[in-house]
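Structural overview
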Amino acid sequence: MKNLPTLLLALLASVPCYADGWHYQQLSDPLTNQSYSLAQSPRPDRNLYDNIKLQIVCKQQQLQAVVEAESLIESQNSPFVLDYQIDQSDPVKLTFSTFADSKRRGYTNENAKRIADDLLAGKKVFVRIYTLIKKVLSAEMLLDDAQPAIDKVFADCGMVANPNGAGANAYSLGQFEQDFAKLNPQQQQQVLAKIKKMMTELP
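Keep in mind it's a predicted model, so treat the numbers as computed, not measured.

Description of the layout of surface pockets
Reported here for the second largest pocket is a volume of approximately 260 Å³. As for the second largest pocket, its lining consists of 15 residues, of which Asp29, Tyr36, Lys59, Phe99 and Arg105 are closest to the centre. Elements supplying a minimum of two residues to the lining of the second largest pocket: strand 2 (35-40), strand 3 (52-59) and strand 4 (62-69). A breakdown of the residues in the lining of the second largest pocket according to their chemical character gives 7 nonpolar, 3 polar and 5 charged.

Encoded structure:
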């Protein structure tokens, strides 16, 4: 029993530590004096991951997903690749862009709703950022308490969350390629013929 305190400390040290949870904030842009709100992720364990934060932002009634890193991502106003994985689902690869005044913060407007919905549908998210210097930044964040903060941001933008996640039932391109490769040549041609017919019938 003399070693019990030491054993407990060792056990605690081996468990990833999330210093804070998801939280909601209302802020004001000092340049425009316009108010905006955000839901911000907890910081990942610095012993295991890079210092990355995710934000779901409502600014001027537009939803935006923002990622912030302590390290260089890209030059200002430049595209970069980010992928995220919710629980055991397939990774989702997206293009973000750095802000005009930052090399360490990036955003997407187009995919913000999808990201937010996916965050609400999972228990944890793993994020990778592919940087200008070919370094991959990564982090894992828990999602257990994400819903209250993200729901408030949705409400500020007049939106409603998809409780199943945007990609929960989606058939990804990666899944299609894997399944397609399992087919014999004749079956592949049949699938391609059906896809071609569907494409030509689209408005």
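As for the state of the cysteines
For the structure on display, the rule yields 1 disulfide. Note that Cys58 is cross-linked by a disulfide to Cys157, the S-S spacing being 2.0 Å. On the sign convention where negative is left-handed, the bridge of Cys58 and Cys157, at about 110° about the S-S bond, is right-handed. Taken together, the residues span a long stretch of sequence, with Cys58 in strand 3 and Cys157 in the loop between helix 3 (146-156) and helix 4 (173-181) at a distance of 99 residues. Here Cys58 matches Cys157 in class, with each residue buried.

Digging into empty space enclosed by the protein
Gaps between atoms show up when a probe of the same size as a water molecule is rolled over them. By the definition in use, this model includes 2 cavities of 30 Å³ or more. The space that makes up the largest cavity amounts to roughly 50 Å³. Around the largest cavity sit Leu54, Leu82, Tyr84, Phe96, Ile115, Leu119, Val125 and Val127, which together line it. Those elements that provide at least two residues to the lining of the largest cavity are strand 5 (79-86), helix 2 (112-120) and strand 8 (124-130). Of the residues assigned to the lining of the largest cavity, the class counts are 8 nonpolar, no polar and no charged. By volume, the second largest cavity is sized at about 30 Å³. The wall of the second largest cavity is formed by Leu54, Gln55, Ile56, Ala65, Val66, Phe96, Ile115 and Leu119. Classifying every residue of the lining of the second largest cavity gives 7 nonpolar, 1 polar and no charged.

A word on unusual backbone geometry
A positive phi is found at Gln60, a non-glycine position, where the angle reads about 55°. Mapped onto the fold, Gln60 is located in the loop between strand 3 and strand 4. Phi angles above zero are rare outside glycine, and Asn77 is one such case at about 55°. Among the secondary structure elements, Asn77 is positioned in the loop between strand 4 and strand 5.

Analysis parameters
Residues numbered from 1 in each chain as written. Predicted model: local features only at pLDDT ≥ 70, side-chain atom pairs only at ≥ 80, totals over all residues. Heavy atoms only, no water. 1 Å grid on protein atoms, 1.4 Å probe; cavity = no way out; pocket = protein on both sides within 12 Å on 5 of 7 lines; lining within 4 Å. Points joined across faces, edges and corners; volume = space filled by probe spheres on them. Helix = DSSP H or I, 4+ residues; strand = E, 2+ residues; numbered from the N terminus. Nonpolar A, V, L, I, M, F, W, Y, C, P; charged D, E, K, R; others polar. Disulfide = S-S within 2.5 Å. Buried < 20%, exposed > 50% of the residue type's maximum accessible area, 1.4 Å probe, protein only.

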